[in-house]
There are 2 protein chains.
Amino acid sequence: MPASGTSRSPRRTRATAKPPAVAKTVPARAGRSATNGARSRRATKWVYLFEEGNAQMRDLLGGKGAGVAEMTRAGLPVPPGFTITTQACNAFYENGKRFPEGMWEQALAALSTLERQAGKGFGDARNPLLVSVRSGAKFSMPGMMDTVLNLGLNETTLQGLARLTGDERFALDSYRRFIQLFSKIVLGIPGENFEHAIDSAKRTHGAGSDAELTPAALRELIETFRDIVRQQSRGQEFPEEPLEQLRAAIGAVFDSWNGKRAVDYRNYNKIPHDLGTAVNVQMMVFGNMGWDSGTGVAFTRDPSTGEKVLYGEYLTNAQGEDVVAGIRTPKPIAAMEQELPGVYRQFERIAKRLERHYRDVQDMEFTIERGKLFMLQTRTGKRTAEAAVKIAVDMVRERLITRAEAVQRVEPAQVDQLLHTRIDPAARVEVLGIGLAASPGAATGKAVFDADRAEEMAKAGEKVIMVRIETNPDDVHGMIAAQGVLTSRGGRTSHAAVVARGMGKPCVAGAESVLVDLEQRQFTAGGRVVREGEEFTIDGSTGRVISGRVPMIEPELSGDLEKVLSWADQFRRLQVWANGDYPRDAELARRFGAQGIGLCRTEHMFMEQERLPIVQAMILARSTEERRRELDRLLPFQRADFHGILKAMAGLPVVIRLIDPPLHEFLPSFEDLLVEVTRAEAQGLPPESYADKRTMLAEVRALREQNPMLGLRGCRLGLLFPEIIEMQVRAIMEAAVQLTREGVEVHPEIMIPLVGTLEELRRTKGYLQRTVDQVLAEAGIRIDYKFGTMIELPRAALTAAEIAEEAEFFSFGTNDLTQTTFGFSRDDAEGKIIMPYVEQKILPSNPFETLDRGGVGRLMNIAVIEGRQTRPDLEVGICGEHGGDPDSIAICEKLNLNYVSCSPYRVPVARLAAAHASLAMHGDRDR
Amino acid sequence: MPASGTSRSPRRTRATAKPPAVAKTVPARAGRSATNGARSRRATKWVYLFEEGNAQMRDLLGGKGAGVAEMTRAGLPVPPGFTITTQACNAFYENGKRFPEGMWEQALAALSTLERQAGKGFGDARNPLLVSVRSGAKFSMPGMMDTVLNLGLNETTLQGLARLTGDERFALDSYRRFIQLFSKIVLGIPGENFEHAIDSAKRTHGAGSDAELTPAALRELIETFRDIVRQQSRGQEFPEEPLEQLRAAIGAVFDSWNGKRAVDYRNYNKIPHDLGTAVNVQMMVFGNMGWDSGTGVAFTRDPSTGEKVLYGEYLTNAQGEDVVAGIRTPKPIAAMEQELPGVYRQFERIAKRLERHYRDVQDMEFTIERGKLFMLQTRTGKRTAEAAVKIAVDMVRERLITRAEAVQRVEPAQVDQLLHTRIDPAARVEVLGIGLAASPGAATGKAVFDADRAEEMAKAGEKVIMVRIETNPDDVHGMIAAQGVLTSRGGRTSHAAVVARGMGKPCVAGAESVLVDLEQRQFTAGGRVVREGEEFTIDGSTGRVISGRVPMIEPELSGDLEKVLSWADQFRRLQVWANGDYPRDAELARRFGAQGIGLCRTEHMFMEQERLPIVQAMILARSTEERRRELDRLLPFQRADFHGILKAMAGLPVVIRLIDPPLHEFLPSFEDLLVEVTRAEAQGLPPESYADKRTMLAEVRALREQNPMLGLRGCRLGLLFPEIIEMQVRAIMEAAVQLTREGVEVHPEIMIPLVGTLEELRRTKGYLQRTVDQVLAEAGIRIDYKFGTMIELPRAALTAAEIAEEAEFFSFGTNDLTQTTFGFSRDDAEGKIIMPYVEQKILPSNPFETLDRGGVGRLMNIAVIEGRQTRPDLEVGICGEHGGDPDSIAICEKLNLNYVSCSPYRVPVARLAAAHASLAMHGDRDR
């Protein structure tokens, strides 16, 4: 390990450490600090003085180290110090948690420099240098890792510090803070021990705040702290030797990289675990040296509204941790203008300079030591969705950034937030239970337990939330009437979830802790009973079920957001289409900027209340003729459906998928029928009273399959019962003819699902073509239409070159393709297998949410490349749920698809994500 | 079409027509026959004189045409003639069933040559030339296409023929034969019309056979025939013009290529449909010119035993169709030695010459015209399995062929036949019903309807056949006792089928026409009732259920077969391993020549009667501890299993697959439990009386999955319940340790199933490795073992490069890989989708029987190549059922696998198929 470490590192160092000045200083410095004489001139450089680094060295120096270095370079008032590299942290772990060879020696050398720069000595009783030791990873992980302040204090230096500053109380206070923090972080002694001691000291001495403790009281407290350390560490003394303190603190910061909080944070934020943290050792400056001292944090703009004002807070006569820990309530930064006007003006100038320098909002930490301003840190400021949009647009106006940069400054997930009603984050809510976040947005309404009642109450002007154990097609009219849906069973692909997402309504699904009692018309959750008519709230973005009514933030499609999206449209290559089954979906999608319908599922139409009996009669038909008769009854419905959606999308393409699911999905549940028939038999009811059920049971049994996902569905249905899809194609083309006559431009694209072989597509298309030709010949009209297929089976992707002979377009059905590629039935696996897998990091993420690159992505790549070899103008898109996921959209950009298609509500998100993907791949081509 | 046809064809012609003499004659001949003056010198050559062809031109001239040409070249006495190419047939179809341009003109030119060679004129009243018009495809399709004899006869030429031969009766007889055959084949008039007329003529004239009909009677008959033609073709006359006859007959032969019989035959024999047939026009010679004339067919060796004697039959004073149609009973060829000794000796010489020339058994047709022998046809003789083996071995002894050729002369399917008891093909049987041929071989036994009774009767020395609606693990002891199994429900992957195949016992499964009445202990089929104790027969090779006892042919592993197999072993590169779960399988496999166990499924062991309750208790355990307790009880069973199988395979590798199926497969059926509980509830039984059932129902419901194939199984089980497979690995390694101590060499290979990602394998292997290390450390012994995985998911194949980092071997689970690649659940799709697909030619074959090259094969190719890039010594095999299928074995050879693994009974088949595959790929490397 060390061997490869030393051979690899210098290259990396040279590559990132751009300024030649730095490179030049390396050998000299390394040579001087070689106290043990064993290191060669080519040894790894583990330690950089602040003036040796710059902003580009984030990988090596971490965000904080690179930031401080950059500020130092910029001539800002930064306390001097040095950074131990992230590479040293990784080497520390590789090395069995020992410092890599040479690191400590380099740190000592840097410390000497620091002593010279500060004009103080580390451990010097007369003129002591104190330092902070802070973590600093490449990506900011606020509060997740450890920091030690005031390091270097001991009984000796304490005296020196008191003497030099003439303020014994300050020195004692610093010392007790140091012991407290060091003991907690480095020695691992629980912090409450010390807090209790402070509280009891305050009580004893009648002090209202820490600042009121007298030197004597502090000295007592310090002794108490020492006792605590002794007790908690089996008799060991608190370390007095400053170098020992430094060594232990550096190790503790390295350790904190793999602390539980840090690991959880990285998992949540998808930050790799192998980056390591840097350690920054910096001269302490003191905000607690009286009322002309202080410390604070500030943003260059308001991170919650985006307004262009200095935003932040500060505390006088305090150190940084008082602000962070919220021990004392800080004042708004504006107050500083009165209290310390000169410093405030200097700070304002520096803030502006930093924003111009970094071309983004800065989040700064500063300390004022006896009226002198020190900048401790600056980094890109996190911001809310609203702020992100406003700041991006403002900065373009200010000519600070380009439009492309503005687009990149807004995260797609932030756009999603802006499009849904949210619970005011400031509100206090009583959470009754948690289910799956199945469809985003929040809603308040009166609980209602069946669809008819929901419809009734909604007609009477009430807002209702429909509560069911599970939903089925009979509940759809209730869902239409409701503000949102809550179910106690079923996953994110359950009927409730899918339908609610399609409607853009909030849905919490599978909330197993919510006990729904349909007979009593009430549910019990979190120890409370909610009866029909009582108001409650669901949050489909988080899965929370909440008591009563809560304050909401309504979505607002601000002009700024529209501006950002319109800029995004200029930069994206991928088109964004929408999945939608109904004209209302199409209208919505179009309003959100969809450029086509990528998936219109015809079977949802079959599920509608008035049609389902016809569909069932059609399925149970004894003869082709009988089936045709029922299909003739369905034809006008389907024609009207297609008329509506094609009209709504006038001028744009509409991909209509022919019937896909296994037929038994349209029939009553096997289990219910079995129970009913068995019960009737056991009760000795007259057979004729349940003859229909018996017949239906037999039919459903005959259609039932072991693995319906892999059974009689998709184009297989069409090959065995051509009349069903012939009817559908007739309905599509008749609607298209009618619209053309009405002067509406239509572009229907007929999609044949679940194709695995060229021959399936050829046959199916063959006879459907006859239907098309017939309708068009009868009408004497030409229509621009296409035939294509879903690529949703591995075999289709692997033989795409052949399939493209017959397909004019491909649409990746990545839900099914993920199922077959992984051998995961989504319904079975998502809860039982995939979630545990993601938790245990067996999978990096849920492949049904973010496209799997190695498997599914590889199949897609094969299909795109080989399909286009056969047919260069092949139109390729994606209509699986991945089409709305930003990470997956980035993969689609790499795969060079023509479009992504997602639910209407995701269209703005996808527009932005597509722009990000394009800019990441190709940069801003306008520049 | 014609344009591309003419540009493509000459190239093909030049490439195949090797002898330069032929090429030279083309332009001259084409020029001379250009009666319409429109053809260029580069026009397609559609017609070849026999002397222009040779044996290599089968593609173009068909088997018969090439054969006759070759015989002509060899100077054998062949009647002159010409061949119209297969390419002309294809052009005929492309051309909307019209002759391609120039074909007819070339045929006329060839006919002129033929007239000169014969010294006769076509349609010449004084000296008429008569011809036969025969089909002749590349591959022999005996009796499947049409032939017209005596063409050229009409009222005029009839007179000439009679005059020239001085035999009016012969001429009339030929004429009536011609009318009869031409009418049936070319005009499509049903043959029975003519047969009835002959019968009535014989009755009228008191003739015992056709030959006794007088000229007058024949003349009357001819008139009757003409009347029949007139009646059946709406007043049209039988065509008198010979050229019109010829033209129509050629068209009819082309037509017959796509006749139903021919298409069915090609489907059955997997002959491509686009080859086309050639048409051979040849001078007629007459076997019916008196008792020194005759006709016959003969093989150079006995095609049923392989004995080296001329074998065949002939008829004097008869034409060929009499022999083929079986109208008169022919005499054995040996009789000719007495009747026509000179001709016989000449024929013997020619037969020997032909066999030496073609280096294989020849199937010859000949005619003797007034003592002069004409050879009409020769082709490779079809032979039985026994004969194929004997002939191959004899010909090596005779130094006629090499060992490699001998190996290639025996078909793997023939070996399979030789390994199972067959019903004597000569026996007349009463078929009661047909089911699926689920496990090959035939058996007779007494019907028995439950496992206990089967065991009891078998102990009493009775042979029984177990009859059930379906079988389940409780029936296994009955199946062990029985000669075979018959079920009325379930497919080829049903429990009965899988278990029977594993045991090598015949099984007919899913015989839906067999009504099994378990209560009455009888079954009804084909209108008959078979009661318990009654004898009946099943044929698992054909799916037949047969009444009573029938004569059988027992399998015989002859010395010759062993010789052929040992030669096969010299030529094959692929190893042959066997799938086997029990020591008895391993012993059998080894006897059949298996070089390892490629798949030992541990879950079958779980299904055994005494273990199932423990397995169920383990599954239903409330805690890991409880589960471990049950697993501790299973451990000794599993250890004993592995001890047995590793011992039986001493010195050879044994791949043991850890538990794979979803756990609910080990529990009672959900449906049965639901019915029982519902019934008990409805009948108001005391709840405590069925509390256990209720509990079990809840458990089974919780474990139930929508698509169990894609659910919680394989390595997913092991990642969530590590203790199960830890127990299995402990059992394997403890057995291995014990055997090593006993001095037995063991090579266990631990196979982790259903891996889709590297991480799954890494984790699973990680903790199993600890178990292995523990066992080996405790024992202080070293064992040669491997960890590997099944490649049975597309994602595993696509990421094989990664997976090979952890896997020391891959085994393709092509059953599952086919399921996921195609999205076919085998249980659901094989009957409902795949069979109709194969019938309708949407699929070329059942991908569960023969590997799909384009999809599954491509994934395998990716996995092999990329897996070996990571790990060059990766061991790769196949353990899906394809491992025993010769076509699939050929693909495995191309994919460069290390071994194929199949059921023990298929091992000899696979050894031969592997040799065929090697020889086809690499030739005989010894030569």
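Residues numbered from 1 in each chain as written. Chains lettered and ligands numbered in written order. Predicted model: local features only at pLDDT ≥ 70, side-chain atom pairs only at ≥ 80, totals over all residues. Heavy atoms only, no water.

Caption draft 1: Region of interest: the pairing of strand β28 (residues 786–791) of chain B. Residues and elements named next belong to chain B. Within β28, 5 of the 6 residues are buried, leaving the element largely enclosed by the surrounding structure. Pairing of strand β27 (residues 747–752) with β28 involves 4 bridges; the strand directions are parallel. Among the inter-strand pairings, Met751 is bridged to a residue of β28, identified as Gly788. Note that the unit made of β27, helix α30 (residues 758–779) and β28 has a crossover that is right-handed. Strand direction decides the pairing type here: β28 and strand β29 (residues 809–812), joined by 4 bridges, are parallel. Residue pairing for β29: Thr789 is matched across the bridge by Phe810. (Buried < 20%, exposed > 50% of the residue type's maximum accessible area, 1.4 Å probe, protein only. Helix = DSSP H or I, 4+ residues; strand = E, 2+ residues; numbered from the N terminus. Pairing = 2+ DSSP bridges. Right-handed = clockwise from strand over helix to strand, strands pointing away.)

Caption draft 2: Spatial organisation of the confidence of the model for chain A. All names here are of chain A. Taken as a whole, chain A shows an average pLDDT of 88; of its residues, 93% reach a score of 70 or greater. Here residues 1–41 scores under 50 on pLDDT; set against residues more than four positions off or in separate chains, the count is 38 contacts. Overall fold confidence (pTM) sits at 0.78, and the ipTM for the predicted complex is 0.77. (pLDDT = per-residue confidence, 0-100. Contact = heavy atoms within 4.5 Å.)

Caption draft 3: Fine view of the packing of helix α7 (residues 168–185) of chain A against helix α9 (residues 215–232) of chain A. All names here are of chain A. Running from N to C, α7 and α9 point in directions that differ by 20°, and their axes come no closer than 9 Å. Our classification of the angle between α7 and α9 gives roughly parallel. Crossing geometry of α7 relative to α9 is assigned as left-handed. In this structure, α7 uses Glu168, Arg169, Leu172, Asp173, Tyr175, Arg176, Ile179, Gln180 and Ser183 to contact α9, whose residues at the interface are Pro215, Leu218, Arg219, Leu221, Ile222, Phe225, Arg226 and Val229. (Axes fitted to C-alpha atoms, helices over the stretch in contact; angles between N-to-C directions. Parallel < 35°, antiparallel > 145°, perpendicular 65-115°, else oblique. Left-handed = near helix turned anticlockwise from the far one by under 90°.)

Caption draft 4: Quick look at helix α10 (residues 242–256) of chain A. Residues and elements named next belong to chain A. End to end, α10 covers 21 Å across 15 residues, agreeing with the expected 21 Å (1.5 Å per residue, within 8%). Here α10 has its buried residues at Pro242, Gln245, Leu246, Ala249, Ile250, Gly251, Ala252, Val253, Phe254 and Ser256. N-capping of α10 is provided by Glu241, with a side-chain oxygen placed 3.2 Å from the backbone N of Leu243. (Expected span 1.5 Å × (residues − 1). Polar contact = N/O pair within 3.5 Å; in protein donor to acceptor, adjacent residues only side chain to side chain.)

Caption draft 5: Summary view of the sheet that holds strand β17 (residues 507–509) of chain A. All names here are of chain A. Spatially, the 8 strands line up as an open sheet ordered β12-β22-β21-β14-β15-β16-β17-β13, and their pairing is mixed. Sheet topology places β12 (431–434) and β13 (436–439) at the edges, where each strand pairs with a single neighbour. Averaged over all pairs of adjacent strands, the angle between their axes in this sheet comes to 30°, without regard to strand direction. Sheet topology places strand β16 (residues 484–487) next to β17; 2 bridges connect them, and they run parallel. Each bridged residue has a counterpart across the sheet, and for Leu486 the counterpart in β17 is Val508. Relative to the sheet, helix α20 (residues 495–503) contacts β13, β16 and β17, its axis offset from that of β13 by approximately 45°.

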